[in-house]
Amino acid sequence: MLRRNVMMGLGMALVAACAPRQSTVGADGLPVQRIYRITDRDAQEIPYRMLDGVNTLRQAAGAVPVALNAQLNAAAATHSRDMAIQNRPWHFGSDGSSPVDRLTRVGYPGKLVGEVISESYETELETLAAWMEDPQTRSVILDPTATQLGLAWFQEDSGKLWWTMVLAR
């Protein structure tokens, strides 16, 4: 009886091992891109997760924390959508607007510290990590004069995300 149970167990394990598995490596040998879909719940939490991440990094660098700003969020949202329309990550709008122009349009009374952008399929924290690896975007995020932060994204049906973060004072 014991032998029969062991043989059945081994047989079931063998059959399970033959089941198709989802590959994490594509035919080209590169990792298969996984898509991060932003849900309504995520949309509520993302700005605060990003703010916590940014402020943790700023604290470690000796910089003051930044606060979310609705006007900066609006400027970032306009730019994220515009980058998707243009299908390229860059700092100029399809109408030629600069980050400073976008802050003026939303009525922000302060000064721009910098804008960081990304075209990805990654979460907000993976995007923040990528920004921190680049010396230029890292310097914007950790700029000690920044006191305000705006964050927005636009997600295409394909799952591609266009991220914009604006820091200002």
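Scroll up to find the structure this text is about.
This is a predicted model, so every value here is computed, not measured.

Enquirer: Just to check I follow, could you spell out the pattern of salt bridges for this structure?
Expert: Close approach of charged atoms lets side chains of opposite charge pair. Taken as a whole, this structure holds seven salt bridges when the rule is applied. One salt bridge connects arginine 49 with glutamate 45, and the closest N-O pair in it is separated by 2.9 Å. Of this pair, arginine 49 and glutamate 45 both sit in helix H2 (residues 40-60), separated by four residues, roughly a single helical turn. The class for arginine 49 is partly exposed, based on a relative accessible area of 27%.

Enquirer: Could you clarify how one ought to interpret the side chain of glutamine 155 in this entry?
Expert: By the secondary structure assignment, glutamine 155 is in strand E3 (residues 148-155). Polar side-chain contacts of glutamine 155 include one of 3.0 Å to the backbone nitrogen of isoleucine 38. Beyond its immediate stretch of four places on either side in the chain, glutamine 155 contacts Tyr36, Arg37, Ile38, Lys160 and Leu161.

Enquirer: Which parts of the structure should I look at to understand H2?
Expert: Think of an α-helix as turning once every 3.6 residues; residues three or four places apart then point the same way. Taking 1.5 Å of rise per residue, 21 residues should cover 30 Å, and H2 covers 31 Å from first to last C-alpha, within 8% of that figure. Helix geometry: H2 is bent most strongly at isoleucine 46, by close to 35 degrees, with proline proline 47 lying one to four residues after it. Taken together, the buried positions of H2 are occupied by Asp42, Ile46, Pro47, Met50, Leu51, Gly53, Val54, Asn55 and Arg58. Close packing links the buried residues of H2 with strand E1 (67-68), helix H5 (124-133), helix H6 (135-141), E3 and strand E4 (161-168). A positive phi of about 85 degrees marks glycine 62, the residue just after H2.

Enquirer: What's the story with the environment of asparagine 69 in this structure? I'm lost.
Expert: Along the polypeptide, asparagine 69 turns up in the loop between E1 and helix H3 (70-86). Taking the C-alpha atoms as reference points, asparagine 69 and tyrosine 108, separated by 39 residues in sequence, lie 9.3 Å from one another. Excluding residues within four positions of it along the chain, asparagine 69 makes contact with Tyr108, Gln148, Leu149 and Gly150. Polar side-chain contacts of asparagine 69 include one of 3.0 Å to the backbone nitrogen of leucine 72.

Conventions and cut-offs
- The residue numbering used here restarts from 1 in each chain and proceeds along that chain's sequence as written.
- In keeping with the model being predicted, local features are shown solely for residues with a pLDDT of at least 70 and side-chain atom pairs are shown and tallied solely at 80 or more, while totals for entire chains, interfaces and linings include all residues.
- Processing note: side-chain calculations cover all non-hydrogen atoms of the structure and skip hydrogens and water entirely.
- Counted as salt bridges are all cases of a side-chain nitrogen of Lys or Arg within 4 Å of a carboxyl oxygen of Asp or Glu.
- Helix and strand assignments follow DSSP, with helices taken as H or I runs no shorter than four residues and strands as E runs no shorter than two, numbered in order from the N terminus.
- Residue burial is assigned from relative accessible area. The probe radius is 1.4 Å, only protein chains are included, and a residue is buried under 20% of its type maximum, exposed over 50%, and partly exposed in between.
- As used in this structure description, the phrase polar contact means that two N or O atoms lie within 3.5 Å; if the pair is within protein, one of them must be able to donate a hydrogen and the other to accept it, and residues adjacent in sequence are counted only when both atoms belong to side chains.
- Contacts are residue-level and defined by heavy atoms, with any inter-residue pair within 4.5 Å sufficient.
- Each helix should span, by expectation, one fewer than its residue count multiplied by 1.5 Å.
- Note that the bend at a residue is defined as the angle between axes fitted to the seven residues ending at it and the seven residues starting at it.

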